[in-house]
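Geometric and topological summary
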Amino acid sequence: MGSNCPTTLLRNVVFCYNKVIHLIRDVNTMDEMNILNDILNKTKEELEKMIPVNVMLIGKTGVGKSTLINNIFREKLAETGIGKPVTKHLRKISKEGVPINIYDTKGLELNEEIQHEVRREIDDEINRINNSINDKDLLHVVWYCINAQSNRIEEYEINWIKDLAEKIPVIVVLTQSVFDNSKEMEKKIDDLNLDIRGIQRIIAEPFTIGDISIERSGLRSLMEITYQVLPEGVRRSFNNAQKVDIEHKAKEARKWALGYITTTFGIGFTPIPFSDAAVLAPIQVGMIAHITTIFGVKIERALMTSIVSSIGGITGATFLGRTLVSNLLKFIPGAGTVVGGLISGSTASIITTGLAFSYIEVMKAVAKNEYEGRRTDNEEIAKMMKSELEKQIKKK
Ligand SMILES: Nc1nc2c(ncn2[C@@H]2O[C@H](COP(=O)(O)OP(=O)(O)OP(=O)(O)O)[C@@H](O)[C@H]2O)c(=O)[nH]1
Ligand SMILES: [Mg+2]
């Protein structure tokens, strides 16, 4: 029997067909993997580029400095074990992946001699830091913490605040502001007319008094006042490190994304050849990486895999570029089909904006889970990404 036998021919055809299918699947998986690696690498790169914000906390023992650090910043930074001692009463807390350095003081006791010793130690350190040739060491803000329940501010503290305020922006934080007297305390300090940038009453961690539970408060305002005081160059780092105002992160991300997309696609209708639509990919990879660093969340490979595959569409094919474009075009009125071979700049920008805004919604959910100590269900996130994307594009 020769090779012309119909059975052999059919077998060959089936064989070839399977080969092609596998090849297509491999190429798609490879595309997805490349995109995934690109996103993860780019995110790491972006994070490394961020200039850490330097915050110092000063205040008597037990006022709640460490409690504040743990409740306003992600990753429980004040937990013992993190950070290295700088002097006897000062430690510098930093952790890879969080663009912040926190100088946490401890052991500033009532004993006057110790107070002097600690102040000298900290002042020396501040002078050393501020004389550093390296700009990125400079202290950006001091949170001077006073326990609101103490009902008084001592002379030596007033003098110290005055002194500090000449060198660094100071915000006075009234900790443990559970009772009404904290308002009087705030007024007392306000009346001193110190050259400070703000006074904020806070409850860093809920208090339980008998059957009553008093919730956290003031942390978002403290974050807002501080944000305003910081130089532009480190605001993004501060926003990344804080965990109390997720909407603030989302707002910053939306604002950035719109600016980025407008500059990328312009206002015109520059048509993008459809066959080159994959050209969008690097732009979108960069965008996703940037948004991730605005938020400050841990992105595990599995989570990003779910997100990437969810965008690929029903075919499970190429992430961005062609498949994404053809999947989404049907939602955009007047965008037509790909038959013409071109998509307009405005269509490309609609798709990219949709992608950015959906990803921001997803980041909000991931951040909320992470900061509240809940596990993120990757499948749920993938579903969310997909439905947000459809919703966002249809909205246009
Ligand atoms: N519930 C509640 N407890 C707080 C709060 N702030 C401080 N505390 C409590 O007060 C105690 C001292 O708080 P820390 O945060 O360790 O004080 P610190 O200022 O870091 O003290 P030193 O490290 O010794 O200088 C802890 O037992 C906290 O639980 C708060 O906002 N809520
Ligand atoms: Mg402490």
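Residues numbered from 1 in each chain as written. Chains lettered and ligands numbered in written order. Predicted model: local features only at pLDDT ≥ 70, side-chain atom pairs only at ≥ 80, totals over all residues.

**Topic: the overall build of the chain**
Put simply, the rule reads: Helix numbering and strand numbering both begin at the N terminus, where a helix is a DSSP run of H or I of at least 4 residues and a strand a DSSP run of E of at least 2. Exposure in this text rests on C-beta crowding, where 20 or more other C-beta atoms within 10 Å of a residue's own make it buried, 12 or fewer make it exposed, and counts in between make it partly exposed. The C-beta atoms are placed from the backbone. Any two residues are considered in contact once their C-beta atoms, placed from the backbone, lie within 7 Å.
Broken down by element type, the chain carries 13 helices and 11 strands. Taken across its 396 residues, the chain has 37% of its residues classed as buried. Within the chain, residue pairs in contact and separated by at least 24 positions form 74% of the contacts whose partners lie at least 6 positions apart.

**Some remarks on the pairing of strand β3 (residues 90–95)**
If a strand is regular, its side chains alternate between the two faces of the sheet. Quick reminder of the rule: Strands are labelled as partners when DSSP assigns at least two bridges between them.
Relative to β3, strand β2 (residues 84–87) runs antiparallel, the two sharing 3 bridges. Bridge pairing links K84 to K92 in β3. A loop of 2 residues connects β2 with β3, the two strands running antiparallel in sequence. Of the strand pairs in this sheet, β3 and strand β4 (residues 98–105) are connected by 5 bridges, and their pairing is antiparallel. Each bridged residue has a counterpart across the sheet, and for K92 the counterpart in β4 is Y103.

**Quick notes on the sheet that holds strand β1 (residues 53–59)**
What counts here: For helices, the fitted line uses only the C-alpha atoms of the stretch in contact; every axis is such a line through C-alpha atoms, and the angle between N-to-C directions lies from 0 to 180 degrees.
Judged by pairing direction, the sheet is mixed, and its 7 strands sit side by side in the order β2-β3-β4-β1-β5-β6-β7 without closing on themselves. Where the open sheet ends on each side, the last strands, each with one partner, are β2 and β7 (198–201). Going across the sheet, the axis of each strand differs from the next one's by a mean of 25 degrees, ignoring polarity. In the packing of helix α5 (residues 181–191) onto the sheet, the strands contacted are β6 (170–175) and β7, and the crossing angle to β7 comes to about 170 degrees.

**Points about the nonpolar core**
What counts, and what does not: We define the nonpolar core as any set of buried residues of the types Ala, Val, Leu, Ile, Met, Phe, Trp, Tyr and Cys, connected via C-beta atoms lying within 7 Å of each other.
Core analysis: the biggest nonpolar cluster contains 50 residues, and L57, V142, W143, Y144, C145, V172 and V173 have the highest contact counts within it. If you tally residues by element for this core, the top one is strand β5 (residues 141–147), at 6 residues. In this structure L57 touches K65, L68, I69, I102, Y103, D104, T105, W143 and C145, once residues within four positions along its chain are discounted.

**Brief notes about helix α4 (residues 155–165)**
As a reminder of what qualifies: It is the directions from the helix axis to the C-beta atoms that the arc portrays.
Every buried residue of α4 is listed here: E157, I161 and L164. One side of α4 carries all its buried residues, which in axial view fall inside an arc of 65 degrees. In α4, the exposed positions that point more than 90 degrees away from the buried face belong to E155, Y156 and N159. Close packing links the buried residues of α4 with β5 and β6.

**Here's the deal with helix α2 (residues 65–72)**
In an α-helix, one turn spans 3.6 residues; hence positions three or four apart end up facing the same way. For α2, the set of buried residues is K65, S66, L68, I69 and I72. What you see down the axis of α2 is that its buried residues fit within an arc of 160 degrees, all on one side. Residues of α2 that are buried sit in contact with β1, β4, β5, β6 and α6 (219–229).

**So, the site of ligand 1**
Selection rule: We call a residue near a molecule or strand when its C-beta atom, built from the backbone, sits within 6 Å of it. Throughout, the ten residues Ala, Val, Leu, Ile, Met, Phe, Trp, Tyr, Cys and Pro are labelled nonpolar, Asp, Glu, Lys and Arg are labelled charged, and all others, Gly among them, are labelled polar.
Taken together, 16 residues lie around ligand 1, and G64, K65, S66, T67 and K106 are the ones closest in. Per-element tally for the shell around ligand 1: the top contributor is α2, with 3 residues. Tallied by class, the residues present in the shell around ligand 1 amount to 4 nonpolar, 9 polar and 3 charged.

**What to know about the pairing of β7**
Test applied: Here the term right-handed applies to a crossover when the path leading from its first strand over the helix to its second strand runs clockwise, the strands being oriented away from the viewer.
Taken together, the 4 bridges between β6 and β7 define a ladder with parallel strand orientation. Residue L174 lies in a different strand from β7, and its bridge partner there is R201. On the question of chirality, the crossover connecting β6 to the parallel β7 by way of α5 is right-handed.

**Considering the confidence of the model for the chain**
For clarity, the cut-off: Every residue gets a pLDDT, meaning the predictor's confidence in that residue, from 0 to 100.
Confidence along the chain averages 84 in pLDDT terms, with 81% of residues attaining 70 or more. With pLDDT under 50 throughout, residues 313–319 is counted as low confidence; its partners more than four residues away or in other chains account for 20 contacts.

**Details of unusual backbone geometry**
Leave glycine aside and you will find that most residues have negative phi; peptide bonds, for their part, are mostly trans. Backbone geometry places Q176, a non-glycine residue, at a positive phi of 50 degrees. Structurally, Q176 is set in the loop between β6 and α5. The exposure class assigned to Q176 is buried, which follows from the 24 C-beta atoms found within 10 Å. Even without being a glycine, N193 presents a positive backbone phi close to 50 degrees. Looking at where N193 falls in the secondary structure, it is placed in the loop between α5 and β7.

**Some words on the environment of E125**
With respect to the secondary-structure elements, E125 resides in helix α3 (residues 112–130). Along the sequence, E125 and L90 sit 35 residues apart, while their C-alpha atoms lie 8.9 Å from each other.

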